[in-house]
Amino acid sequence: MKISNEFKIGFWTIIAILVLVFGIQYLKGINSLRRGQFYYVVSNNVEGLANSGPVKVNGFQVGLVRSMTYDKATGNIVVEVNLEESSLKIPSDSHASIQTDLLGTSYVVISLGQSDTYLQSRDTIAGGEKAVGLLDGAAPIIASVNEIMPKLDTLICGINTLVNESKMQESLIEINALTQQLNTTVALLNKYLKGDVPEILDNVNSLTANIDTLTSEVKDADVSALIAKANSTLETTNKLLTALMSNDGSVGKAINTTELHDQLTATIASVDSLITDIKEHPKRYINIKLFGK
């Protein structure tokens, strides 16, 4: 039997199409030749989720998202997942959610329950809500950063303008010169202090030691006896002053009356008169002294 060229072309075209379809499915991660379990997840938000998206249990990928259809009656999206792990059983109280990684890619996460009864293929897994991810929590922060960026750019431009001004450059040069002068001054102070401070400290230590010694001596001394002697001396002094100021004694009369003063004045006047007379008549007194016999 002779096979026509048209049959050959059609046969190989079909083979090529099948290889192409299976190859595309394989590249998507779908093994069409391997039987799996199909389940449904109903969600109201599948943002970031795509066909062939991963399905994970405890962080391990167990299947892929096969398809997504819109339910007009409820307004939800029905996600069909294919679990390639045929040995995996889904408890009836399991929960499914849609999560998003840092790159914005969404995937289905199945949290296995503890029930003794299991879902059958084509059953619906409860849940389906979209979990709050890191990017969702960071959205307000990103918005705030976007608001700050123009202000920060304006601030940086202002700083650049200020730094590039000639007056600013002159001020920086003056500050640098002042810093150098301060460094020189500090070096000189350190030099002087290294020589003088130890001597000063030695003197202070010596003074402190003397004060400690004096304090110890005062502490050990008989303070009561010293005070008693001081009181006795003060009493004697008071009595002496009282006697001197009294008119009963000779000293008191001499101090408190004018009699002694008058006598002294008269005596001084007589002596002065005598001296004056000697000056005026010296021979009279010399003769008396030489030939008085």
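Because the structure is predicted, anything quoted here is derived from the model rather than measured.

Undergrad: Could you give an account of the overall build of the protein chain, naming the residues involved and the relevant values?
TA: Of regular secondary structure, the protein chain possesses seven helices and seven strands. Secondary structure elements of the protein chain, listed N to C terminal, follow the sequence α-β-β-β-β-β-β-β-α-α-α-α-α-α. Counting over 293 residues, the protein chain shows a buried share of 16%. Of all intrachain contacts in the protein chain linking residues separated by at least 6 positions in sequence, the fraction that spans at least 24 positions is 56%. For the protein chain, the accessible area works out to roughly 22,800 Å², and carbon and sulfur atoms hold 62% of it.

Undergrad: Before we move on, could you go through the confidence of the model for the protein chain and cite the residues and values that matter?
TA: Scored by pLDDT, the protein chain has a mean of 78; 78% of the residues are at 70 or more. Counted against residues more than four places away or in other chains, residues 288-293, with its pLDDT under 50, gives one contact.

Undergrad: Run through the pairing of strand β2 (residues 54-57), naming residues and quoting values.
TA: Residues in a regular strand project their side chains so that they alternate between the two faces of the sheet. In the sheet, β2 pairs with strand β3 (residues 60-70) via four bridges, with the strands oriented antiparallel. Residue pairing for β3: Pro54 is matched across the bridge by Leu64. From the end of β2 to the start of β3, which pair antiparallel, there are two residues, and Asn58 there has a positive phi angle of about 55°. In the sheet, β2 pairs with strand β6 (residues 106-111) via two bridges, with the strands oriented parallel. Counted as the bridge partner of Val55 is Val108 from β6.

Undergrad: Describe the side chain of Gln37, with residues and values.
TA: Residue position: Gln37 is located in strand β1 (residues 37-43). Of the polar contacts made by the side chain of Gln37, one reaches the side chain of Tyr39; its length is 2.9 Å. Discounting residues that sit within four places of it in the chain, Gln37 has contacts with Val81, Asn82, Leu83, Glu85, Ser86, Leu88 and Ser121.

Undergrad: I'd love a proper account of the nonpolar core, names of residues and values included.
TA: Soluble, globular proteins show a tendency: their nonpolar side chains are buried together. Within the largest apolar cluster, 20 residues are counted, with the highest numbers of intra-cluster contacts made by Val55, Val79, Leu83, Ile90, Ile110 and Ile125. Secondary structure elements with two or more residues in this core: β1, β2, β3, β4 (77-83), β5 (95-100) and β6. If one sorts the elements of this core by residue count, β4 sits on top with four residues. With residues up to four places along the chain from it excluded, the contact list for Ile125 reads Tyr39, Tyr40, Val41, Ile90, Ser94, His95, Ala96, Ile110 and Leu119.

Undergrad: I'd like a rundown of the pairing of β3, residues and numbers included.
TA: In this structure, β3 lies alongside β4, joined through seven bridges in antiparallel fashion. Each residue of the ladder has a partner; that of Ser67, found in β4, is Glu80.

Undergrad: Lay out the environment of Val65 with the relevant residues and their values.
TA: Turning to its location among the elements, Val65 is positioned in strand β3. When the C-alpha atoms of Val65 and Ala50 are compared, they prove to be 7.3 Å apart, with 15 residues separating the residues in sequence.

Undergrad: Explain the sheet that holds β1 to me, and be specific about the residues and the numbers.
TA: Spatial strand order, β1-β4-β3-β2-β6-β5-β7: seven strands in a closed barrel with mixed pairing. On average, each strand axis in the sheet is tilted by 35° relative to the strand beside it, whichever way the strands run. Pairing between β5 and strand β7 (residues 124-130): three bridges, direction parallel. Residue Ile98 lies in a different strand from β7, and its bridge partner there is Lys130.

Undergrad: Lay out the packing of aromatic side chains in plain terms, naming residues and giving numbers.
TA: Each aromatic ring pair is characterised by the separation of its centres together with the angle its planes make. Tallied over the full model, the rule gives one aromatic pair. For the ring pair Phe11 and Trp12, a centre distance of 5.3 Å and an interplane angle of 75° mean the geometry is edge-to-face. Residue classification places Trp12 among the exposed positions, given a relative accessible area of 56%. The aromatic ring of Tyr107 is capped on one face by Lys56, whose charged end is 4.5 Å from the ring centroid.

Undergrad: Which residues make up the side chain of Ser43, and what values do they have?
TA: With respect to the secondary-structure elements, Ser43 resides in strand β1. Here Asn45 takes part through its backbone oxygen, which lies 3.0 Å from a polar atom of the side chain of Ser43. The contacts of Ser43, once residues within four sequence positions are left out, are Asn76, Ile77, Ile98 and Gly128.

Undergrad: Would you mind going over unusual backbone geometry in detail, with residue names and values included?
TA: Trans is the prevailing form of peptide bonds, just as negative phi is the prevailing case for residues other than glycine. The backbone of Asn58 sits at a positive phi, close to 55°, despite the residue not being glycine. With respect to the element layout, Asn58 can be found in the loop between β2 and β3. Even without glycine at this site, Arg122 takes up a positive phi of about 80°. Examined against the element boundaries, Arg122 turns out to sit in the loop between β6 and β7.

Parameters at a glance
Residues numbered from 1 in each chain as written. Predicted model: local features only at pLDDT ≥ 70, side-chain atom pairs only at ≥ 80, totals over all residues. Heavy atoms only, no water. Helix = DSSP H or I, 4+ residues; strand = E, 2+ residues; numbered from the N terminus. Buried < 20%, exposed > 50% of the residue type's maximum accessible area, 1.4 Å probe, protein only. Contact = heavy atoms within 4.5 Å. Areas by Shrake-Rupley, 256 points an atom, 1.4 Å probe, with all protein chains shown as cover. pLDDT = per-residue confidence, 0-100. Pairing = 2+ DSSP bridges. Polar contact = N/O pair within 3.5 Å; in protein donor to acceptor, adjacent residues only side chain to side chain. Core = buried A, V, L, I, M, F, W, Y, C linked by side-chain atoms within 4.5 Å. Axes fitted to C-alpha atoms, helices over the stretch in contact; angles between N-to-C directions. Phe/Tyr/Trp six-rings, centres within 6.5 Å; stacked < 30°, edge-to-face > 60°. Lys NZ or Arg CZ within 6 Å of the ring centre and 35° of its normal.

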